[in-house]
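# Report on the structure
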Amino acid sequence: MKFNTKTIHGGQKHEEATGSVMTPVFQTSTYAQSSPGIHKGYAYSRAANPTRTALENAFAAIENGTHGFAFSSGLSAIDCILRLLNPGDEVIAGDDIYGGSYRMFTRLFQKYGLKFQYVDMDEVTNVTNAISSKTKLIWIETPTNPLMKIADIAAITKAVKAVNSEIILAVDNTFATPYLQRPLDLGVDIVMHSATKYLGGHSDVVMGALMVKEEKLAEELHFIQFAAGAIAGPMDSFLALRGIKTLHVRMQRHCENGKAVAEFLAEHDKVGKVYYPGFENHPNHNIAKKQMEDYGGMVSFRLKDESKQAAFTFLENTKVFTLAESLGGVESLVNHPVTMTHASIPEAERLKIGITDSLIRLSVGIEDIDDLLADLEQALNA
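Since we're looking at a predicted model, the values are computed, not measured.

As a further point, take unusual backbone geometry. With an omega dihedral of -10°, the bond running from Thr142 to Pro143 counts as a cis peptide bond. If you trace the backbone, Pro143 turns up in the loop between β4 (135-141) and α6 (153-163). Positive phi is not limited to glycine here, since Thr177 has a value of about 65°. You can see Thr177 is positioned in helix α7 (residues 177-180). Exposure remark for Thr177: the relative accessible area of 0% places this residue in the buried category. Positive phi outside glycine occurs at Ser326, with the angle close to 80°. Tracing the backbone through its elements, the reader meets Ser326 in the loop between β10 (322-323) and β11 (333-335).

Here it is in structure tokens:
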């Protein structure tokens, strides 16, 4: 199947009892057994639920994986990956990652004996030079949140595996979605999504996803999820599955509107810098052009007035763009990383990589582009 067909039919089958085209919500915790240990594939919904199974099959299909896993949140999916490791193991991560990931790494798992290094993944050698005998995981986020940096997934994977083929490579593919890039095809071991965002697409569910190809790794992840219990419920699974069926058409509009917004901001006299990988002057544009189908609906920018007050004035005056956490829904959202998504990162670390008081992140929705541009114009001149 081509991708646009996979979003609708990938891994899916009509419900057997009634022929229902859409997978029903199996709102149940337990299942009848004909004899102890003899059942129809389902015993208890922490292990598996038919609605979640349908979603997980869709997850696997759209990332060209063999196994998918639906979690109660994106962070619980990351937590599951880190539980593959042991005290003393080391993780190499990008220097610009989601604030919640950074908080989990530094305030939870460091306490349990894991060690983390943060490197600029613009250069592959920055990653390989950081590898030691204790390195067990490479954590790649691309495009990054919020500075829209692009890491060369295939090049990093090839270089790392050449050093040590046992190191696990995982990619947070939330910003791009499998519509734009499929990291498993580029050689990584695990793909992670905050399915709350583009996969769900309607700001009505909180969920995480993991996709893999390798059977043994899938078994380990399933055991951790089963044992720790961070599962997605059946109603949330139903909503996310419904969202995936329109992913391709939503992403087309997100990409179109994102490009128009980025171009508008780049020409505006109140804007100092725009972070958008579709621009030829973006430092990682050639990598983005090579590994992505398009450039997505996420755009960050800095105002020429670098004060926090100038940013707040803009943020408090948008009318179509909603000031809120999260991203990837059909509606346009605006976010202030310093005080919202990246507030857990120490100021010195934020400033080192360029997350300043005037940095603003946009999740460009699928509204009429004229309304979005008019809203930005009036807010910039407020």
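Bringing the pairing of strand β5 (residues 168-172) into the picture now. Every other side chain in a regular strand lies on the same face of the sheet, so the side chains alternate between the two faces. Burial runs high along β5: 5 of the 5 residues are buried. Because side chains alternate across β5, one face comprises the buried residues Ile168, Ala170 and Asp172, and the other comprises Leu169 and Val171, equally buried. Pairing of β4 with β5, which is carried by 5 bridges, proceeds in the parallel orientation. Paired with Trp139 across the two strands is Ala170, which belongs to β5. What joins β4 to β5 is α6, and the crossover it makes is right-handed. In terms of strand pairing, β5 meets strand β6 (residues 190-194) through 3 bridges, oriented parallel. The residue of β6 that forms the bridge with Asp172 is Met192.

Before going further, it helps to examine the sheet that holds strand β1 (residues 67-71). Taken in spatial order, the 7 strands line up as β1-β7-β6-β5-β4-β2-β3 in an open sheet, and their pairing is mixed. Looking at which strands have only one partner, the edges of the open sheet turn out to be β1 and β3 (115-119). Ignoring strand direction, the axes of neighbouring strands in this sheet form an average angle of 20°. α6 rests against β4 and β5 of the sheet, and its axis sits at about 165° to β5. Across the sheet, helix α8 (residues 215-228) is in contact with β1, β6 and β7 (208-212); its angle to β1 comes to roughly 20°.

Parameters and conventions
- Each chain has its residues counted from 1, running along the sequence as written.
- The predicted origin of the model limits local features to residues at a pLDDT of at least 70 and limits the giving and counting of side-chain atom pairs to 80 or more, whereas totals for whole chains, interfaces and linings rest on all residues.
- In computing side-chain values, all of the structure's heavy atoms are included and hydrogens and water are not.
- Helix numbering and strand numbering both begin at the N terminus, where a helix is a DSSP run of H or I of at least 4 residues and a strand a DSSP run of E of at least 2.
- For the exposure calls, accessible area comes from a 1.4 Å probe over protein chains only, and a residue counts as buried if that area is under 20% of its type's maximum, exposed if over 50%, partly exposed in between.
- Strands were regarded as paired on the criterion that DSSP finds at least two bridges between them.
- When the strands point away from the viewer and the connection leading from the first strand across the helix to the second strand turns clockwise, the crossover is called right-handed.
- The axes used here are C-alpha line fits, helices contributing only the stretch in contact, and every angle between their N-to-C directions lies in the interval 0 to 180 degrees.
- Residues count as neighbours in contact if any of their non-hydrogen atoms are within 4.5 Å of one another.

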